[in-house]
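Structural overview for review
Okay, here's what each chain looks like letter by letter:
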Amino acid sequence: MPDQTPATLMPFTAVVGQDQLKLALILAAIEPRLAGVLIAGPRGVAKSTLARGLAAIDTRAAGGFVNLPLGATEEQVVGSLDLAKALGDQEVRFKPGLLARAHGGYLYIDEVNLLADALVDVLLDVAASKTNHVERDGISHAHPARFVLVGTMNPDEGELRPQFSDRFGLCVELDDTLAPATRRAIVDQRLAFEADPAGFVAACRPNETALAQAIEAARQRLGEVSTPEAVKDDIARRCHAAGVEGVRADLHWRQAAVAHAAWQGRNQVESADCHAVEAFVLCHRRTRTPDQTSGGQGPDDEPAGTSENTSPASDHDGSDAEQNDAAGEGDWGQLPPRHVAPAAGYTLELGAADIVMPRRSAGRVFAGRRRGHGALAPGAARAGPTGSRIDWFRTLADGARRPDRSPDLVRRPQALRESLLDCVLLDLSASTLGGDAQARARAGVLAIADAAYRARRRFGLLVFGGARIEWLVTLQRAPRHIATLLDAAPAGGGTPLADALVRARDDLQAGQHAGRTARLRTWLITDGRSRDEIHGPSWPGELIVVDTETARISLGRARRLAEALGGRHMSLAELENARHG
């Protein structure tokens, strides 16, 4: 059943602005082979309102509008054994899940980039086959699952797996920059709707009916729309220039252009149709920007270890840089900031496990994660945490042995799958510019970020130097590429180490209290050369201090810093030699 009745929904045609999002949703409704729409943007920009509104007037949306919550279990999504029939009549019968309910309608996923990996895998299978196959709990069942998939995400909270984002035929990137007149009109509409929902919906009904009829007419026209050979060639060239992987972009571009032509009442695709849908098709698939395809050397062609304004690294002991740190008093110091590229000779291969860390005691669990309460002991548990799977055979067997009483649900032990956040704190102060230490350190950061991305872990990067303490990558699911962000960060000035540690600790604990991760691993990459005296308490979670000191006479400050914070000391060479183990 739909989540809301049409009488309580803000009408689709009454939403002010967001014309691009409206068009993308309409095209997905016209052409079901587009699979759906991915909407990237902040909260409060009418993403869910428009999706619900279109589903309410779509004459073919037999399944209405189904919301897939982030906390849903796999059983709730794909379906499972009908409990009432199993316990009451001892009959094995399939109970449909959310995918079955959404068939013929709209499946909506808010914050789709935060969806559990197990559910993402299920949706990938269903998106490819248009059929939900269920083989579990003694059930073998299959049913069609065709729907318009609408996913929303805030890019600041992390990227979506490329395999999943590519399944969305269209993508719309929104922002919250609104002109004053538009903001005023939005609020006026909203207040008018809240004052008299039924009257407001009745006043919009003619426009809603006309839109529904126009969508249905465009669907009927789809088979009559032809695509000229020149348009096909142009789409192929532009997809190649954008560096998209595979040909799904080409396929969806053609389908979207045909749908747009049908929506405009034309029987042949024109260049205007291709242009209208280009951003929808390429924004989540593009790997090259137009300026990278115009000839010449792009960012990927630049020799590693060099960049504009980078002076040759001198072979000194770092003492001049240390004096500059002392004189900087927290500003950029006497030497101007300079850009440093990661060194080409230090491409690391950190695996999913990376550095083997010593086990910490239960008292050192980060941010108050509870142990014991709600945890499952070995063997079947009769009452488990929300989301644990039911062992139907054990449940039914217990019920058969004790027919005089209602059987208790026996739950399967939940796999202890611990999430991990890799947080890197990178020292950009002048003292790290001795030799090639800064370039090597940046290569290490890229390796840690790449390992986190491949393992689908969360990642954060905070840089500090001079007057700057800044999150280059906020705490999120590891992005695919951070080299551009890192290359743009200049190095130089004093070392605000104490302030950087306070900032990182506060932000990490705030994120941990929000329930984002169970385990923290921090990489503090520094030479420790700071005027700040660092004392306890011990750093929350696991801490690795990567020592970038290159002076002939070692001061050992990074090692003492690791001891003060209860972490492990590691030289830059040890990080470079790290391998999956």
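This one's a predicted model, so the numbers in the text were calculated from it and none came from an experiment.

The helix and strand inventory of the chain stands at 19 helices and 15 strands. Burial analysis of the chain (581 residues in total) assigns 47% to the buried set. The long-range share in the chain, meaning contacts at least 24 apart out of those at least 6 apart in sequence, stands at 77%. Entry remark: accessible area of the chain is about 27,800 Å², with carbon and sulfur atoms responsible for 50%.

Among covalent bonds in proteins, the disulfide is the one between the sulfur atoms of two cysteines. Summed over the entire model, instances satisfying the criterion amount to 0 disulfides. Between cysteine 274, a free cysteine, and cysteine 239, which holds the nearest cysteine sulfur, the sulfur-to-sulfur gap is 9.9 Å. What makes cysteine 274 buried here is its relative accessible area of 1%. In this structure cysteine 283 is a free cysteine whose sulfur lies 3.3 Å from that of cysteine 171, the closest cysteine sulfur available.

Before going further, it helps to spend a moment on helix H1 (residues 19-30). Between its first and last C-alpha, H1 extends 16 Å over 12 residues, near the 16 Å set by a 1.5 Å rise per residue. Turning to H1, its buried residues are Leu21, Lys22, Leu23, Ala24, Leu25, Ile26, Leu27, Ala28, Ala29 and Ile30.

Angle between the axes and distance between the axes: these two values describe a pair of packed helices. Between helix H11 (residues 248-263) and helix H12 (residues 271-282), the least distance of the axes is 9 Å, while the angle of their chain directions is 135°. Looking at the two axes, H11 sits oblique to H12. Helix-helix and strand crossings are classified by hand; for H11 and H12 the assignment is right-handed. Within the contact between the two elements, H11 uses Ala249, His252, Trp253, Ala256, Ala257, His260 and Ala261 and H12 uses Asp273, Cys274, Ala276, Val277, Glu278, Val281 and Leu282. For the contact of H11 with H12, the residue count by class is 10 nonpolar, 2 polar and 2 charged.

Let's shift gears to the packing of aromatic side chains. Scanning the model with the defined rule gives 2 aromatic pairs in all. When the centroid spacing of 5.3 Å and the interplanar angle of 35° are considered together, the rings of phenylalanine 65 and tyrosine 108 count as tilted. Here phenylalanine 65, found in strand S2 (residues 65-67), pairs with tyrosine 108, found in strand S5 (residues 106-109); they are 43 residues apart in sequence, far enough to count as distant. Classification of tyrosine 108 by relative accessible area gives buried; the value is 3%. Seen in terms of ring centroids, phenylalanine 193 and phenylalanine 200 are 5.6 Å apart; in terms of plane orientation they differ by 80°. Their pairing is edge-to-face.

Between H1 and helix H9 (residues 197-221), the least distance of the axes is 9 Å, while the angle of their chain directions is 50°. As judged from the angle between their axes, H1 and H9 are oblique. Of the two elements, H1 crosses H9, and the hand of that crossing is right-handed. Judged by residue contacts, Ile26, Ala29 and Ile30 of H1 engage Leu211, Ile215, Ala218 and Arg219 from H9. Tallied by class, the residues present in the contact of H1 with H9 amount to 6 nonpolar, no polar and 1 charged.

So, about the environment of glycine 151. Assignment of secondary structure puts glycine 151 in strand S8 (residues 148-153). With 113 residues separating them along the chain, glycine 151 and leucine 38 place their C-alpha atoms 4.8 Å apart. Excluding residues within four positions of it along the chain, glycine 151 makes contact with Val37, Leu38, Ile39, Ile109, Val112 and Phe168.

One open sheet holds the 6 strands; their spatial order is S12-S11-S10-S13-S14-S15, and the pairing between them is mixed. Looking along the sheet, the strands with just one partner apiece sit at the ends: strand S12 (468-477) and strand S15 (568-571). Here the average twist between neighbouring strands, direction ignored, is 15°. Pairing geometry for strand S10 (residues 420-427) and strand S11 (residues 458-465), over 7 bridges, is parallel. Across the sheet, leucine 426 pairs through a bridge with valine 463, a residue of S11. Packing against the sheet, helix H15 (residues 437-454) makes contact with S10, S11 and strand S13 (519-526), and its axis sits at approximately 165° to S10.

Our next topic: the pairing of strand S1 (residues 36-40). Burial analysis of S1 places 5 of its 5 residues in the buried class, which makes it a mostly covered element. Side-chain alternation along S1 places Gly36, Leu38 and Ala40 on one buried face and Val37 and Ile39 on a second face that is also buried. Where S1 lies against S8, 5 bridges are found, and the strand directions are parallel. Bridge pairing in S8 places glycine 36 opposite leucine 149. Bridge analysis of S1 against strand S9 (residues 170-173) gives 4 bridges, and the strand direction is parallel. Across the sheet, residue isoleucine 39 finds its bridge partner in S9, namely valine 172.

Turning our eyes to something else, we now look at the nonpolar core. Tyr106 and Leu170 are the most contacted members of the largest nonpolar core, which totals 60 residues. When residues no more than four places from it in sequence are discounted, the contact partners of tyrosine 106 are Ala29, Leu54, Ala55, Asp58, Ala61, Gly64, Phe65, Val66, Val148 and Val150. Listed in part, the 32 residues of the second largest apolar core include Ala40, Val66, Leu68 and Val126.

Once that is clear, we can look at the environment of valine 134. Mapping valine 134 onto the fold places it in strand S6 (residues 131-136). Not counting residues up to four positions away in its chain, the partners in contact with valine 134 are Val78, Gly79, Phe94, Ile139, Ser140 and His141.

A few words on unusual backbone geometry. We note that glutamine 18 has phi near 55°; this positive angle belongs to a residue other than glycine. The topology assignment puts glutamine 18 in the segment before H1. Look at glutamine 18 and you get buried, because its relative accessible area is 18%. One non-glycine residue, lysine 130, lies in the positive phi region at around 60°. Lysine 130 sits in the partly exposed class, given a relative accessible area of 27%.

This next bit is on the sheet that holds S2. Across the sheet, 5 strands lie side by side as S2-S5-S8-S1-S9; this open sheet has parallel pairing. Two strands in the sheet have a free side with no partner beyond their single neighbour: S2 and S9. The mean inter-strand angle of the sheet, taken between neighbouring strand axes irrespective of direction, is 20°.

On to the environment of serine 165. With respect to the element layout, serine 165 can be found in helix H7 (residues 162-165). Overall, the relative accessible area of 8% leaves serine 165 in the buried class. Expressed as a C-alpha distance, the spacing of serine 165 and valine 112, which sit 53 residues apart in the sequence, is 9.6 Å. Excluding residues within four positions of it along the chain, serine 165 makes contact with Leu38, Leu160 and His284.

About the cut-offs
Residues numbered from 1 in each chain as written. Predicted model: local features only at pLDDT ≥ 70, side-chain atom pairs only at ≥ 80, totals over all residues. Heavy atoms only, no water. Helix = DSSP H or I, 4+ residues; strand = E, 2+ residues; numbered from the N terminus. Buried < 20%, exposed > 50% of the residue type's maximum accessible area, 1.4 Å probe, protein only. Contact = heavy atoms within 4.5 Å. Areas by Shrake-Rupley, 256 points an atom, 1.4 Å probe, with all protein chains shown as cover. Disulfide = S-S within 2.5 Å. Expected span 1.5 Å × (residues − 1). Axes fitted to C-alpha atoms, helices over the stretch in contact; angles between N-to-C directions. Parallel < 35°, antiparallel > 145°, perpendicular 65-115°, else oblique. Left-handed = near helix turned anticlockwise from the far one by under 90°. Nonpolar A, V, L, I, M, F, W, Y, C, P; charged D, E, K, R; others polar. Phe/Tyr/Trp six-rings, centres within 6.5 Å; stacked < 30°, edge-to-face > 60°. Pairing = 2+ DSSP bridges. Core = buried A, V, L, I, M, F, W, Y, C linked by side-chain atoms within 4.5 Å.

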